[in-house]
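# Working through the structure, step by step
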Amino acid sequence: MKHQEPQLEQRPSLGFILTFRAVDLQNRFRARLSRSQEQGATAVEYALMVGLLSVAIIVSVYIFSQRLRTSFATYSNTIPN
C-alpha cells in the first residue's frame, strides 16, 4: 500500500463567494418583487370585486324599492277609506 498524503481542503475563492452571494441576493430580490406584484394584482382584483358588488347592491335596492312602491300604491288604492 502506498502512503497517500492528506489532501488540503480547498476553500472557495473570494470571487466565487462574492459571485454566489450576489446571485443569491438577486434571486431573493426577484422573488420579493414578484410577490409584491402579486399582492398588487390581488388588491386590484379585490377592488374590482367590491366595486361590482356595490353596483349590484345599488341596482338591486333601486329595483326593489320601485316594485315595493308600486305594490304599496296598488294595495292602498284597493283598501276602502
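As shown above, the structure is provided for reference.
Let me begin by describing the structure that accompanies this report. Bear in mind the structure is a predicted one, so any value in this text is a computation, not a measurement. (Residues numbered from 1 in each chain as written. Predicted model: local features only at pLDDT ≥ 70, side-chain atom pairs only at ≥ 80, totals over all residues. Heavy atoms only, no water.)

### Concerning the overall build of the protein chain
Scanning the protein chain from terminus to terminus reveals one helix and zero strands. Counting across all 81 residues of the protein chain, residues that qualify as buried make up 0%. Of the roughly 8,400 Å² that the protein chain leaves accessible, carbon and sulfur atoms contribute 64%. (Helix = DSSP H or I, 4+ residues; strand = E, 2+ residues; numbered from the N terminus. Buried < 20%, exposed > 50% of the residue type's maximum accessible area, 1.4 Å probe, protein only. Areas by Shrake-Rupley, 256 points an atom, 1.4 Å probe, with all protein chains shown as cover.)

### Re a nonpolar patch on the surface
On the surface, a nonpolar cluster with roughly 380 Å² of combined accessible area is contributed by Val55, Val59, Tyr62 and Ile63. Looking at the secondary structure, you find Tyr62 in helix α1 (residues 14-78). Under the relative-accessibility criterion, Tyr62 is labelled exposed at 53%. (Patch = residues over 30% accessible without salt bridge, like charges linked within 9 Å, V, L, I, M, F, W, Y side chains within 5 Å. Salt bridge = Lys/Arg side-chain N within 4 Å of Asp/Glu carboxyl O.)

### Some thoughts on the pattern of salt bridges
Taken as a whole and judged by the stated rule, the model has one salt bridge. Salt-bridge contacts for Arg28 lead to Asp24; the nearest nitrogen and oxygen are separated by 3.5 Å. A residue pair is termed a helical-turn pair when its members lie 3 or 4 positions apart in one helix, as Arg28 and Asp24 do in helix α1 at four residues.

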